[in-house]
Amino acid sequence: GNSVTQMEGPVTLSEEAFLTINCTYTATGYPSLFWYVQYPGEGLQLLLKATKADDKGSNKGFEATYRKETTSFHLEKGSVQVSDSAVYFCALANYGGSQGNLIFGKGTKLSVKP
Amino acid sequence: EPEVTQTPSHQVTQMGQEVILRCVPISNHLYFYWYRQILGQKVEFLVSFYNNEISEKSEIFDDQFSVERPDGSNFTLKIRSTKLEDSAMYFCASSAGAGGSYEQYFGPGTRLTVT
């Protein structure tokens, strides 16, 4: 079946540090891959996505590349800010014959200290 | 910017009671979803809904659950007889289409506590 595994948190970094949150997936076919972010007290927001192999999604300084050979979609940011503190969820959707419900990882809580 | 809204933000109910969680999707969206997140666990898909019928449902979505779009704007999730293990954050989402190019927009969630 389809599943997503992401690194356990929490992750604590100092401002301007480099961020990597690992995400790997298992899926049949060719899923689309997503990173969602949840700020305290808010709902899930799409951060970035990639719909096919070798695509790079990017937004707000975050990047992730869809790697089919390693079934990975790691999230990176070169210099984190305090405002990036949130929970990050990796997710996939398989659209073949379906509406594309999202399958999420467990989430990784990021805390950035000034 | 349009957004998905959910009410109430927090619902406390006794075991065995019925609850209805309400969502107002973005107005021109056609596809609707419910997810839940038990505290400390992953967000899980419950059900998707299109054209006034269920498109897909997970094994979590048993006979105790139902969904409805009663008036063209609201999208509701009903739990007929709540159990302790139904305590979770419930998220509604909507999208304009189904496919990788369409984003699912999430509401802020309803925290359901069953005592």
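Since the structure is predicted, the reported quantities are computational estimates derived from the model, not experimental observations.

Cut-offs used in this document
Residues numbered from 1 in each chain as written. Chains lettered and ligands numbered in written order. Predicted model: local features only at pLDDT ≥ 70, side-chain atom pairs only at ≥ 80, totals over all residues. Heavy atoms only, no water. Helix = DSSP H or I, 4+ residues; strand = E, 2+ residues; numbered from the N terminus. Rg over C-alpha atoms; globule rule 2.2 N^0.38 Å. Buried < 20%, exposed > 50% of the residue type's maximum accessible area, 1.4 Å probe, protein only. Areas by Shrake-Rupley, 256 points an atom, 1.4 Å probe, with all protein chains shown as cover. Lys, Arg positive; Asp, Glu negative; His and termini not counted. Charge placed at Lys NZ, Arg CZ, Asp CG, Glu CD. Phe/Tyr/Trp six-rings, centres within 6.5 Å; stacked < 30°, edge-to-face > 60°. Pairing = 2+ DSSP bridges. Axes fitted to C-alpha atoms, helices over the stretch in contact; angles between N-to-C directions.

Engineer: For this particular structure, what's the right way to read the overall build of chain A?
Structural biologist: When its secondary structure is counted, chain A shows zero helices and 12 strands. The order of α-helices and β-strands along chain A, N terminus first, is β-β-β-β-β-β-β-β-β-β-β-β. Its C-alpha atoms give chain A a radius of gyration of 14 Å, near enough to 13 Å, the size a compact globule of 114 residues would have. Projected onto its principal axes, the C-alpha positions of chain A cover 45 × 30 × 20 Å.

Engineer: Would you take a moment to explain the overall build of chain B for this structure?
Structural biologist: Helix and strand content of chain B: zero helices and 11 strands. Projected onto the principal axes, the alpha-carbon positions of chain B cover approximately 40 × 25 × 25 Å. Evaluated residue by residue, chain B yields a buried proportion of 46% over its 115 residues. Here chain B displays about 5,800 Å² of accessible surface, and carbon together with sulfur accounts for 44% of that area. For chain B, the centre of its 9 positive side-chain charges and the centre of its 14 negative side-chain charges are spaced 4 Å apart.

Engineer: What's the story with the packing of aromatic side chains in this structure? I'm lost.
Structural biologist: One pair of aromatic rings is described through two measures. These are the centre distance and the angle between the planes. Residues and elements named next belong to chain A. Per the counting criterion, the structure on display carries 16 aromatic pairs over all chains. Considering the side-chain rings of Tyr-25 and Tyr-66, the 6.0 Å spacing of their centres and the 80 degrees angle between planes classify their relative orientation as edge-to-face. With Tyr-25 in strand β4 (residues 23-26) and Tyr-66 in the loop between β8 (62-65) and β9 (75-77), this pair connects stretches of sequence that are 41 residues apart. Measuring from ring centre to ring centre gives 5.6 Å for Phe-62 and Tyr-88, while their planes differ by 40 degrees; the resulting arrangement is tilted. Of this pair, Phe-62 sits in strand β8 while Tyr-88 sits in strand β10 (residues 86-93); the two residues are 26 residues apart in sequence, bridging distant segments of the chain. The class for Tyr-88 is buried, based on a relative accessible area of 0%.

Engineer: Looking at this structure, I do not really get the sheet that holds strand β8 (residues 75-79) of chain B. What am I missing?
Structural biologist: Think of a sheet as strands paired side by side through backbone hydrogen bonds, with each pair either parallel or antiparallel. All names here are of chain B. Pairing is antiparallel in the open sheet, where four strands are placed in the order β1-β3-β8-β7. Each having just a single partner strand, β1 (5-7) and β7 (65-68) make up the two edges of the open sheet. For this sheet, the mean angle separating the axes of adjacent strands, direction not counted, is 20 degrees. As paired elements, strand β3 (residues 19-24) and β8 share five bridges and run antiparallel to each other. Bridging across to β8, Val-19 finds its partner in Ile-79.

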